[in-house]
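Residue-level structure breakdown
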Amino acid sequence: MRRPATATPLWRDARVLGVTAQILFVVLLVAGTWGAKAAVERSMLRQNIRLDWGFFRHSAGFDLTALTWTIDLNRLSLKRYSPEDSYAEAMIAGLFNTIKVAILGIVLALGLGLMVGVARLSRNWLVNRLALGYVEVLRNTPLLVQLFFWYFGVFLQLPTGAATSPPITFLGGFVVLTNRGLAVGGVLTERFGRQMVDGGFQMTSEFSALVVGLAVYTSAFIAEIVRGGILAIPRGQMEAARSLGLNYRQALRWVVLPQALRIIIPPLGNQFLNLTKNSSLAIGVGFADMLTSAMTVASQSFRALETFTFVTLAYLALSLTISAVLNLVRARLALPGG
Amino acid sequence: MEQSARRGGEPIILLEDVHKWFGRLHILRGINLAVWPGEVVVVCGPSGSGKSTMIRCINRLEAHHRGRIVVDGIELTDDLRNVDAVRSEVGMVFQAFNLFPHLTALQNITLAPIQVRRQPRPLAEKVAHDLLARVGIPDKAHAYPAQLSGGQQQRVAIARALAMQPKIMLFDEPTSALDPEMIQEVLDVMRGLAREAGMTMIVVTHEMGFAREVADRMVFMDQGVIVEEGTPAHFFTNPKEDRTKLFLSKILH
Amino acid sequence: MSSPAVLLAPPERRSAPLEWLRRNLFDGWLNTVLTVLVAACLLWTACLIGRWAAGAHWDVVTRNLRLWAVGLLPLAHVWRAWWAGGLVATAALLTVIGVRARVQPRALVGLWVGTVVAVVWLFSPMRLDQVGGLYLTLLLAVVSIGASFPVGVLVGIGRTSRLPVVRLFCTAYIEGIRGIPLITVLLWFSIFVSLLSGEAMPRVARAMIGMTVFASAYVGEIMRAGIQSVPRGHVEAARALGLSGWQTMLFIVLPQAFKNMIPALVGQFISLFKDTSLTVIIGLSDLLGVGRSLLALTEYLHDVREVYVFALVVYFVFSYTMSYGSRVLEGKLGLGER
């Protein structure tokens, strides 16, 4: 190993090569961005578009029944949305709707998914196959088509509430279904020759179809996660528990499920995230979530670029928040030494 | 048989013409074995000879297809009540430890006493601490399995089985998954169990030094049958069957 | 002392149908009740669906088969579409046979270059926006799958790069795209490309770019997981043998990573196929779009369920075939069982 004490030639020095490659990458990136920016600016100039972020303060002037709560940006308090409110407040009302859909959808999807997942593990062949069919059909068809089916093919085909097609009621009128939506705990009254619901908790057809469609679709994925998580526990765990005298139910409750839960929770969180992002398909059924409100704002104000930047960043923030919460949960669940 | 003549009384474990199949594979081909209370039986034999399957049948982790298995006067059938009764009398230690990774050593030990025997928690924990001291790791009560060495894990597993106060302990190759330097600490615990507590034990193992020292009886299995059995002195110095001789020559160097 | 080792046949014939029924359907009274209940529900549902299907107006499907297949593509161009599809299918078939027969990789590359040139020539006289129906759905899926694979592989490698600038950029791209819904990506490409460059770029091409940009991030993430699944020891062994960084990546890491990636990758491509339906929202007339435009005609106004059920079935057939094929492939490669 006789090496002259001179420095390594530049073209063989790993560090120099690395730095050069990065500089080259940055230069290309900057050049690309700058080129794109120039092109955008030129065409914006040509079409007379100017960015103006101040328009968010202008009055929105549109009303949508589904837009209910928003934040008063002057006093930073909750208030009911009204058409005089600003564009920004309209979009916040949309964000609230997105969150509402996400939470309700997640709760429903989790319940359904757990049921189907357990059915997938059943020793009863018929129950097992039925659950498998449920999962396969839902996972192998697009969510948007399912949503259209739920909205146009199910919820809008429900009885109108007129004398010839009376509303569907459950639990003695506690739950009422018509083509205007689902009402829980209201009072049926007759108006304009139609039976309508006053008071109670009312959900429009758009909202119901969206929540049901999202929940049913996601439940199929959750079912497979639950099944996989339980099957991933080594057989020796069940055997050890049984040989200690625990019966099947106790072994499941104290040994298998607590471990399965640790495996299930991370992918489950990803499904919650997916459901939240998928709620943007509300635009297909016309429910005023964040994206739909933004589209309305964009078409009224002709400020599409600004509106879309805002809405994209809002989704990104929502996703990152959910991811951060998931990482916290994951860290809390980690076993010491594992 | 010679054993019953020598000991008298009822055997605590009795296997009569036990057969088992895995699909079309005939894994147990007519096992006859009787074990008396307080006896330590060491089972050895080449892999695939059915040793593990046999002791897994004794607490019905596997169901046998033909013949009779009677444990402490209870016959193992499809009756679930009998199975549960037998399992709470028979402790089992596995090759892969099978500790519950989400519970601490202490919780591993107290789970069954609290859930099955309905013992109050303070009592169960006191017993668990005593057992941990007995297996030589009194300071590891609050460690999780992943924080313990293999030898320590296996000793917790033994303590876990003992917490149910079993009359019989089954050991399924308890030291095969351990690093060499940890084998002794586990064998020491088993030795103490046999000598001081007079526990009835069936041990599947290839640790012939341990067998020679502790076993009351050696059982050699091959191809699903018991080929030869006898006292260690007799078994190691003067085996009758050729298959036993061949096996011993391989394993004793 | 030793008993004779007699080989006996198993005592019971497990495959007897009655035994199977008892074990899988009528094992204990709880299971029996479950079986009867589920069977009754299934029969009732099957009757309902059967009655509906028999009375439904399938004219909307049977009379418009060409529309469902290729959309509003002019009759003069239909033969070009079929030839292009046929060529790609033949090339795919030849590739499968070629891989089996261990043909020179160069021959396969040549085959595909030839196919692509021929397809481009066939497509040259027709406008991309004229294509529709199932053909457009498949075209979108094939192009965005084909394009997102190489881009995703590069991004995934960049994500694991030693160079911090490259790694940062790739991470930001992957996490940024994964944080927002596909529909926002499509809207960005659909609205702003037209805002900036007019109608120069066909809408179908914009959708293809949007889907590729979206899917590449997911492929990149799968790639990263695949690369990290290769044991460190293999990289160290390769470097110890004197292979360079690029050679190690090419000959040691990537082949193993690809094998581990196959299930996730196929899942991603199936979901991309389903996601092509979202292009309806930006105004493309793919399979779902054709259905929706048929529903706008007065004569089919009430055939909502027929249209969506038909669309669901078509999507299901393609998607299920893909997932079934991937399961067969996984079984052959012995993946997932090590």
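Residues numbered from 1 in each chain as written. Chains lettered and ligands numbered in written order. Predicted model: local features only at pLDDT ≥ 70, side-chain atom pairs only at ≥ 80, totals over all residues. Heavy atoms only, no water.

Concerning the interface of chain B and chain A
- Between chain B and chain A, the contact holds 25 residues from the first and 21 residues from the second.
- Between chain B and chain A, roughly 2000 Å² of surface is buried when both sides are summed, and carbon and sulfur atoms account for 61% of that area.
- Taken together, the links from chain B to chain A amount to 1 salt bridge.
- Here R56(B) ties to E239(A) by a salt bridge, and the two come within 2.5 Å at their closest N and O atoms.
- Those elements that provide at least two residues to the side of chain B that touches chain A are α3 (80-87), β6 (90-93), α4 (105-115) and α6 (150-162) of chain B.
- With 3 residues, α4(B) is the largest single contributor of residues to the side of chain B that touches chain A.
- Residues that form the side of chain B that touches chain A fall into these classes: 14 nonpolar, 5 polar and 6 charged. (Contact = heavy atoms within 4.5 Å. Buried area = accessible area lost by both parts, 1.4 Å probe. Salt bridge = Lys/Arg side-chain N within 4 Å of Asp/Glu carboxyl O. Helix = DSSP H or I, 4+ residues; strand = E, 2+ residues; numbered from the N terminus. Nonpolar A, V, L, I, M, F, W, Y, C, P; charged D, E, K, R; others polar.)

Comments concerning the nonpolar core
All names here are of chain B.
- Judged by nonpolar contacts, the single largest core of 167 residues is most densely connected at L15, I31 and M54.
- Discounting residues that sit within four places of it in the chain, M54 has contacts with L15, L28, I31, L33, V43 and M221.
- The next biggest cluster of nonpolar side chains, apart from the first, holds 50 residues, and it includes V135, L148, A211 and F220. (Core = buried A, V, L, I, M, F, W, Y, C linked by side-chain atoms within 4.5 Å. Buried < 20%, exposed > 50% of the residue type's maximum accessible area, 1.4 Å probe, protein only.)

Quick notes on the sheet that holds strand β3 (residues 40-44) of chain B
All names here are of chain B.
- Strand order in this open sheet of 6 strands is β6-β7-β8-β3-β9-β10, and the pairing throughout is mixed. Here the strands that pair on one side only, and so sit at the sheet edges, are β6 and β10 (225-230). Across this sheet, the average inter-strand angle for adjacent strands is 20 degrees, counted without regard to direction.
- Across 5 bridges, strand β7 (residues 168-172) lies against strand β8 (residues 200-204) in parallel orientation. Residue pairing for β8: M169 is matched across the bridge by M201.
- Along the sheet face, helix α2 (residues 51-58) touches β3, β6, β7, β8 and β9 (217-222) and points at about 150 degrees away from the line of β7. (Pairing = 2+ DSSP bridges. Axes fitted to C-alpha atoms, helices over the stretch in contact; angles between N-to-C directions.)

Let's talk about the sheet that holds strand β4 (residues 66-71) of chain B
All names here are of chain B.
- Taken together, the 4 strands give an open sheet; going across it, the order is β2-β1-β4-β5, and neighbouring strands pair in antiparallel fashion. Here the strands that pair on one side only, and so sit at the sheet edges, are β2 (25-35) and β5 (74-75).
- One ladder, built from 2 bridges, connects β4 with β5; its direction is antiparallel. Across the sheet, the residue bridging to V70 is E75, located in β5.

A closer look at the pairing of β7(B)
Residues and elements named next belong to chain B.
- In terms of burial, β7 is a largely internal element, 5 of the 5 residues being buried.
- Burial along β7 is two-sided: I168, L170 and D172 and M169 and F171, pointing in opposite directions, are all buried.
- Here 4 bridges tie β6 to β7, and the two strands are oriented parallel to one another. Within β7, the residue paired with V90 across the bridge is I168.
- Crossover β7 to β8 through helix α7 (residues 180-196) is right-handed. (Right-handed = clockwise from strand over helix to strand, strands pointing away.)

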